Amino acid sequence: MDLAIETIDLTKKYGSLVAVNRLNLRVIKGTIHGFLGPNGAGKTTTIKILVGLLKPDGGRAIVLGEEVHGDNPRARLKIGYMPELPKFPRHLKGWELLDIYGQMYGMPLQERRARIKRLMEVVGLKGRENDLIGEYSKGMQQRLGIAQALLSEPELVILDEPSLGLDPVGMVEVREMIREIAKDGVTIFLSSHLLSEVEQVCTHISIIHRGICLAEGPLKDIISKISGTAILEVEVAETPDKIVEAVKRLPFVSNIHVEGSKVMIETNADGDVRPQISRAIIETGGTIIYMNVKMRSLEEAFMRLIMKSG
Amino acid sequence: MDKPWKREPKLIGQLWAVVRYELLWNIRKKKFIGVLIVAFAITTLNLTLPVILRRTYNMPIEANPDYVISNSGMGGLMLFLFALVTVMNSISGEFEGGTIVPLLTKPVSRTLILIGKIVAAFITIFAAYLLLYAYMIVGGTLIYGSQNNLNLTPLCILGDLLSTFVWVSIILALGSLTKNTILTSVIAIMVFLAMNIGSSIISVFTESAWMLHYLPGNGAAGYIKVVGQPMVYAGSISTGTDNITKMIIQYCLHPSVNVTYVKVEWRGGTPQGGLSSLLKELYSEPLSLVLFRAISVAAAYIIALITLAWYVFKRTQILE
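Q: Sorry, what's going on with the sheet that holds strand β2 (residues 236-238) of chain B here?
A: Picture the strands of a sheet paired through backbone hydrogen bonds; they go either parallel or antiparallel. All names here are of chain B. Within the open sheet, the four strands sit side by side as β2-β1-β3-β4. Their pairing is antiparallel. Two strands close off the open sheet at either side, each with one partner strand: β2 and β4 (279-286). The average angle at which neighbouring strand axes cross in this sheet is 40°, direction not considered. Pairing geometry for strand β1 (residues 221-225) and β2, over three bridges, is antiparallel. Looking across to β2, one finds that Tyr223 is bridged to Ser236.

Q: Explanation requested: helix α5 (residues 138-150) of chain A in the structure shown.
A: Each α-helix winds once per 3.6 residues, and so residues spaced three or four apart point in a common direction. Taking 1.5 Å per residue, 13 residues should reach 18 Å; α5(A) reaches 19 Å between its end C-alpha atoms and fits that length. Burial within α5(A) is extensive, with 12 of its 13 residues counted as buried. Every buried residue of α5(A) is listed here: A:Gly139, A:Met140, A:Gln141, A:Gln142, A:Arg143, A:Leu144, A:Gly145, A:Ile146, A:Ala147, A:Gln148, A:Ala149 and A:Leu150. Those residues of α5(A) that are buried lie in contact with β6 (79-82), α3 (94-104), α4 (109-122), β7 (156-160) and α6 (168-183) of chain A together with α7 (100-104) of chain B.

Q: Mind showing me how you'd approach the environment of A:Lys262 here?
A: Residue and element names in this part refer to chain A. Looking at the secondary structure, you find Lys262 in strand β13 (residues 262-267). Taking the C-alpha atoms as reference points, Lys262 and Pro275, separated by 13 residues in sequence, lie 18 Å from one another. Each residue touching Lys262, except ones within four places of it in the same chain, is listed here: Glu233, Val234, Glu235 and His257. Here the side chain of Lys262 touches Glu233 through a polar contact of 3.5 Å, side chain to side chain.

Q: What should I look at first to understand the packing of aromatic side chains in this one?
A: For any pair of aromatic rings, geometry is given as the distance between the ring centres together with the angle between the planes. Residues and elements named next belong to chain B. Under the counting rule described, the total for this entry stands at 13 aromatic pairs over all chains. A connected cluster of aromatic rings, assembled from ring pairs, spans Phe32, Phe82 and Tyr129. Looking at Lys29, its charged tip hangs above the ring of Trp25, at a distance of 5.0 Å from the centre. Above the plane of the ring of Phe95 lies Lys179, whose end atom (NZ or CZ) is 5.4 Å from the centre.

Q: Whenever I open this one, the interface of chain A and chain B confuses me. Can you help?
A: In many reports, interface size means the accessible area that the parts give up when they come together. Between chain A and chain B, the contact holds 40 residues from the first and 36 residues from the second. The contact between chain A and chain B buries some 3,500 Å² in all, and 58% of this surface belongs to carbon and sulfur atoms. Taken as a group, A:Leu53, A:His91 and A:Met104 account for 21% of the area that chain A buries against chain B, more than any other trio of residues on that side. Remark: the boundary between chain A and chain B carries three salt bridges. Salt-bridge contacts for B:Arg20 lead to A:Asp99; the nearest nitrogen and oxygen are separated by 3.0 Å. Seen at the junction of chain A and chain B, the total is 16 residue pairs in polar contact (both at pLDDT 80 or more). Residue assignment for the side of chain A that touches chain B shows that the elements contributing at least two residues are β1 (3-14), α2 (73-76), α3 and α4 of chain A.

Q: Where do I start with the confidence of the model for chain B in this structure?
A: Detailed reading of the predicted model is not advised wherever pLDDT is low. A residue-level look at chain B finds 94% of positions with pLDDT of 70 or above and a mean pLDDT of 90. Averaged pLDDT values over the elements of chain B bottom out at 74 in helix α1 (residues 4-7) of chain B and peak at 97 in helix α9 (residues 153-178) of chain B.

Q: Help me understand the pairing of β1(B) in this model?
A: Remark: a regular strand shows side chains that alternate across the two faces of the sheet. Note: β1(B) against strand β3 (residues 258-264) of chain B, four bridges, orientation antiparallel. Among the inter-strand pairings, B:Ile224 is bridged to a residue of β3(B), identified as B:Val259.

Q: Honestly, the packing of α3(A) against helix α2 (residues 11-27) of chain B in this entry has me stumped. Any pointers?
A: For any two helices packed against each other, one specifies the crossing angle of their axes together with the interaxial distance. Two numbers describe how α3(A) lies on α2(B): the axes approach to 7 Å, and their chain directions differ by 155°. With respect to their mutual orientation, α3(A) and α2(B) come out roughly antiparallel. Once α3(A) is placed against α2(B), the crossing between them reads as left-handed. For the pair α3(A) and α2(B), the contacting residues are A:Glu96, A:Asp99, A:Ile100, A:Gln103 and A:Met104 in the first and B:Gly13, B:Gln14, B:Trp16, B:Ala17, B:Val18, B:Arg20, B:Tyr21 and B:Leu24 in the second. Taken together, the residues of the contact of α3(A) with α2(B) break down into seven nonpolar, three polar and three charged.

Q: Please explain a nonpolar patch on the surface as it appears in this structure.
A: Residues and elements named next belong to chain B. A cluster of nonpolar side chains, Leu45, Leu49, Ile52, Leu53, Tyr57 and Met59, forms an exposed patch at the surface whose accessible area comes to about 620 Å². Tracing the sequence through the fold places Tyr57 in the loop between α3 (30-56) and α4 (67-71). Under the relative-accessibility criterion, Tyr57 is labelled exposed at 60%.

Q: Would you explain the side chain of B:Gln147 in this entry?
A: Residues and elements named next belong to chain B. Checked against the element boundaries, Gln147 lands in the loop between α8 (110-144) and α9. Using a relative accessible area of 10% as the deciding quantity, one classes Gln147 as buried. Polar contacts involving the side chain of Gln147 include one to the main-chain carbonyl oxygen of Asn64, which spans 3.0 Å. If we skip the residues at most four places from it in the chain, Gln147 touches Asn64, Pro65, Asp66, Tyr67, Val68, Gly140 and Thr141.

Conventions adopted
Residues numbered from 1 in each chain as written. Chains lettered and ligands numbered in written order. Predicted model: local features only at pLDDT ≥ 70, side-chain atom pairs only at ≥ 80, totals over all residues. Heavy atoms only, no water. Pairing = 2+ DSSP bridges. Helix = DSSP H or I, 4+ residues; strand = E, 2+ residues; numbered from the N terminus. Axes fitted to C-alpha atoms, helices over the stretch in contact; angles between N-to-C directions. Expected span 1.5 Å × (residues − 1). Buried < 20%, exposed > 50% of the residue type's maximum accessible area, 1.4 Å probe, protein only. Contact = heavy atoms within 4.5 Å. Polar contact = N/O pair within 3.5 Å; in protein donor to acceptor, adjacent residues only side chain to side chain. Phe/Tyr/Trp six-rings, centres within 6.5 Å; stacked < 30°, edge-to-face > 60°. Lys NZ or Arg CZ within 6 Å of the ring centre and 35° of its normal. Buried area = accessible area lost by both parts, 1.4 Å probe. Salt bridge = Lys/Arg side-chain N within 4 Å of Asp/Glu carboxyl O. pLDDT = per-residue confidence, 0-100. Parallel < 35°, antiparallel > 145°, perpendicular 65-115°, else oblique. Left-handed = near helix turned anticlockwise from the far one by under 90°. Nonpolar A, V, L, I, M, F, W, Y, C, P; charged D, E, K, R; others polar. Patch = residues over 30% accessible without salt bridge, like charges linked within 9 Å, V, L, I, M, F, W, Y side chains within 5 Å. Areas by Shrake-Rupley, 256 points an atom, 1.4 Å probe, with all protein chains shown as cover.

Dropping the structure here:
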């Protein structure tokens, strides 16, 4: 399994505070990996180590096969990074900034110019590229932040709260952008407080709390592992008493409760149990009007995990 | 990693990117533009005031073929101001504004970033001095006729640059240590004032002028003397790192002269024989040695302080 990011017992301390505590993180290449945790969990510290802004006190961090340890420009060559609420020199024009950054990546002039033109369109800054950054709004600086992260066509894009400061339309655009980039096989490591955003775009997640990784893996697996499996919502034509009795007898059913003509069935099975439930209902003479699988949300799983870890 | 530039970006291209980044900042700084305007205003005043005064009193304007050479060498305050406005926030401003984060996450080493900033400061100040000297030469020639020793002008610019870079390195080191522009500026101004006021006191009233040879700034005051003669043209001279250009000019014009250091010795009562009778000669040394020492001291400060700035910048972690 090819890894874009791997940390082994990564540790970072600020005095007596352990911000990152023997963190083991594995981000698979080509995935959109959400990096979640409450405030102060160690997300930004971990990201800063990955991009060379901080030096770890222990353990290792490997990004796209390059060992990261402080100032290693080679490791940053393949990474595009957008910091949380990015700040850019106010005296530069939008295109000047991207042109200079492109030059730092070693991009040839023609390629730089073409890429900048394209990116300005993509992030919605077309027509404002000749304005000084000092005249940009917060949202525009955020968009510029995304553009500079994508400038060098990196193999790994690290986005720290990319939607912060954006209006709802901007947020949707960012989500679309992330999906588009990922289509080209680019790995995206996304730190976000917006769990709904993560749920909509990420294929994999890591949840950290107090510098420790609490869960990691494919998004759906994590949700089901933490929250138990799905809830089946079944609406029947008859009084559901008999049906409840029959369904309760099924071995994978953990809980049932009734809301009028609706029966909410909690299961702990791994696979799809709708056929067995349908059969059990029909065998009691019941008529199914409607059946829906209600997945637990990431928010629910996240809260459960954080509360559990204390 | 399909594209060749992704494998091995050219170092020179990356350096030029940092230089561009910094140059665009320098030339758009209001403070820098302000100091440049002041420098041009002072040069204009220096060029035209004698003419205006002579016109006012109906005196003829005399040709002065030594106008440019005798006015070459920026004053200590101008050197300091150019250094201050160019690099006062080169490092600290990046930390304060948060712009250091995207900059340091690009595939450019911190060493290269610092070198780029220094190169940009050099180009900026060099261009400013080039413009000022060109203005002085053109103005001097138009007003005072053809000028002597203009071949020394490149050396004058180099001397002024060396003097300025002592202050540049002090300010860069302070910026790297404090990461605060106001603190950097205040400390730099205090150092400048201490060096200038302190050196005058030490030089005039004590016998410890020797220590000023090793400090940045104005240095010790002395007289240029040819052995056997009381004094030569251009009389007094200061020997510090701020006065390298003036020493270069004197050395080129009078290579074998000595610099004699003096102190004021107050004996009470009215001095007999004028103010010069209060001066006590301390010791003399060849101007060549004084110049060589000033250049060496300036170079030592520049190397040591830029190394300090580099060391601190390289080790700094970005917490915010």
